[in-house]
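# Coordinate inspection notes
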Amino acid sequence: SGFHEGALAARACFKLARPNEKYRFEFTTSSKTIKERLGVKSDWIICVWYTKRKKISIMLEEIEFPYKVTAVDLGKGDQFDPKFTEISPFSKIPVIKDDKESVFGSGAILIYLAEKSKKFYDLDNKVNINQWLMAQMGLVGPMIGQYHSFYKFNKGKSKYGEDRYHKITKDIYERLNIRLSKSKYLAGDKYTIADIATWPWIARHEWHDIGLANYKNLSRWYIEISKRPAVDKGYKIMDKSLEIPLL
């Protein structure tokens, strides 16, 4: 499959990734200049990685599918290239391509990879997994992402925005903590794509000034997942020097 064809090229691209550049793991067609810079000659897709969204690289490491990573220059507008919008209609990432099939949207990608690998998506627990996955897609990610925008990257520009999204993010911590007081993982007793989707957002807890250590059950879940070798490897996909922030 396309995954296997791209295995070796991925390593070369990892080495070329610069720590100060913004990369988000996704697959998309890149411009000729980016391909030349990275030495990519195939028609395989290109990817960009923002460190706050490592869910796809973690999933690929968990299921042990070889994959290829290249780069897209968002600053130059490569995401609006017609070849890219063919596989991502809203010019958003992540997107993956497996042979001739492409999938956009991180939630859809996780489901696709889970079904393809038959891992982390038990059919007898599909309803619960889907609920917690969609909670991440529709609430956890968007709301914490807004908090990052106001509090981390634009601090002092909008007290209303900072206060609003701090309150919402704290509420998310509290609700996840309650859930995890009743269940080992978000969707039950087994680690699933719902956990893979949610964990990277909590991995930014140092930005939140909420105090992850104050949430016993959420902390237990976070630390336990942090110790998984595939999570560590997926977290460091574009910068091997990164360390997962602990409590």
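As the structure is a prediction and not an experimental result, all values here were calculated from the model.

The rules behind the values
Residues numbered from 1 in each chain as written. Predicted model: local features only at pLDDT ≥ 70, side-chain atom pairs only at ≥ 80, totals over all residues. Heavy atoms only, no water. Core = buried A, V, L, I, M, F, W, Y, C linked by side-chain atoms within 4.5 Å. Buried < 20%, exposed > 50% of the residue type's maximum accessible area, 1.4 Å probe, protein only. Helix = DSSP H or I, 4+ residues; strand = E, 2+ residues; numbered from the N terminus. Contact = heavy atoms within 4.5 Å. Polar contact = N/O pair within 3.5 Å; in protein donor to acceptor, adjacent residues only side chain to side chain. Pairing = 2+ DSSP bridges. Salt bridge = Lys/Arg side-chain N within 4 Å of Asp/Glu carboxyl O. Phe/Tyr/Trp six-rings, centres within 6.5 Å; stacked < 30°, edge-to-face > 60°. Lys NZ or Arg CZ within 6 Å of the ring centre and 35° of its normal. pLDDT = per-residue confidence, 0-100. Axes fitted to C-alpha atoms, helices over the stretch in contact; angles between N-to-C directions. Left-handed = near helix turned anticlockwise from the far one by under 90°. Nonpolar A, V, L, I, M, F, W, Y, C, P; charged D, E, K, R; others polar.

## What to know about the nonpolar core
Judged by nonpolar contacts, the single largest core of 54 residues is most densely connected at Met-59, Leu-113, Ile-193, Trp-199 and Trp-221. For this core, the secondary-structure elements that each account for two or more residues are helix 4 (55-63), helix 6 (106-117), helix 7 (126-153), helix 8 (159-182), helix 9 (193-202), helix 11 (216-226) and helix 12 (229-235). If one sorts the elements of this core by residue count, helix 7 sits on top with 7 residues. Discounting chain neighbours no more than four positions away, the residues touching Trp-221 are Leu-180, Lys-184, Tyr-185, Leu-186, Asp-195, Thr-198, Trp-199 and Ile-202.

## As for helix 9
For helix 9, the buried fraction is high: 10 of the 10 residues fall into the buried class. Listing the buried residues of helix 9 in full gives Ile-193, Ala-194, Asp-195, Ile-196, Ala-197, Thr-198, Trp-199, Pro-200, Trp-201 and Ile-202. Backbone nitrogen of Ala-194 and a side-chain oxygen of the N-cap are separated by 3.1 Å at the start of helix 9; the cap is Thr-192.

## Focus on the side chain of Lys-236
Tracing the chain through its elements places Lys-236 in the segment after helix 12. Those residues within four positions of Lys-236 in sequence are excluded, and the remaining contacts are Leu-242 and Glu-243.

## Some remarks on the pairing of strand 2 (residues 101-104)
The pairing of strand 1 (residues 95-98) with strand 2 spans 4 bridges and is antiparallel. In the strand pairing of strand 2, Asp-98 is matched with Glu-101. Hairpin connection from strand 1 to strand 2: 2 residues lie between these consecutive antiparallel strands, with Asp-99 at a positive phi of about 55 degrees.

## Quick word on the environment of Ala-114
By the secondary structure assignment, Ala-114 is in helix 6. Along the sequence, Ala-114 and Ile-63 sit 51 residues apart, while their C-alpha atoms lie 8.1 Å from each other. If sequence neighbours within four positions are ignored, Ala-114 has contacts with Met-59, Lys-119, Tyr-121 and Ile-193.

## Some words on the pattern of salt bridges
Tallied over the entire structure, the rule returns 10 salt bridges. In this structure, the salt-bridge partner of Lys-155 is Glu-162, at a minimum N-O distance of 3.8 Å. Its salt-bridge partner being Arg-175, residue Asp-171 comes within 2.6 Å of it at the nearest N-O pair. Here the residue Asp-171 and the residue Arg-175 both occupy positions in helix 8, the gap between them amounting to 4 residues, near one helical turn. For Asp-171, a relative accessible area of 28% gives the class partly exposed. Linked by salt bridges that have partners in common, Asp-232, Lys-236 and Glu-243 make up one network.

## Some points on the side chain of Glu-162
Its location among the elements puts Glu-162 in helix 8. Given the relative accessible area of 12%, Glu-162 is considered buried. Within polar-contact distance, the side chain of Glu-162 engages the backbone nitrogen of Gly-156 at 2.6 Å. When sequence neighbours within four positions are dropped, the list of residues in contact with Glu-162 reads Tyr-147, Phe-150, Tyr-151, Asn-154, Lys-155, Gly-156 and Lys-157.

## What to know about the packing of aromatic side chains
On inspection of all chains with the given rule, the structure shows 8 aromatic pairs. Taking the centre distance of 5.4 Å and the plane angle of 85 degrees together, the rings of Phe-120 and Tyr-191 count as edge-to-face. You can see Phe-120 sitting in the loop between helix 6 and helix 7 and its partner Tyr-191 sitting in the loop between helix 8 and helix 9, a full 71 residues away along the chain. As far as burial versus exposure is concerned, Phe-120 and Tyr-191 are alike and both buried. A connected cluster of aromatic rings, assembled from ring pairs, spans Phe-120, Tyr-185 and Tyr-191. The side chain of Lys-54 reaches across the aromatic face of Tyr-235, ending 4.6 Å from its centre.

## So, helix 11
Every buried residue belonging to helix 11 is among Asn-217, Leu-218, Ser-219, Trp-221, Tyr-222, Ile-225 and Ser-226, and all of these are buried. Where helix 11 is buried, its residues meet helix 8, helix 9, helix 10 (205-208) and helix 12.

## What about the confidence of the model for the chain?
Summarising the model, the chain shows a mean pLDDT of 80, and 77% of its residues fall at 70 or more. For the stretch residues 1-52, pLDDT sits under 50, and the model shows 151 contacts to residues farther than four places along the chain or on other chains.

## Points about the packing of helix 6 against helix 9
Packing of helix 6 against helix 9 brings their axes to within 10 Å, and their N-to-C directions diverge by 140 degrees. Crossing geometry of helix 6 relative to helix 9 is assigned as right-handed. Contacts between helix 6 and helix 9 involve Leu-110, Ile-111 and Ala-114 from the former and Ile-193, Ile-196 and Ala-197 from the latter. Taken together, the residues that form the contact of helix 6 with helix 9 break down as 6 nonpolar, no polar and no charged.

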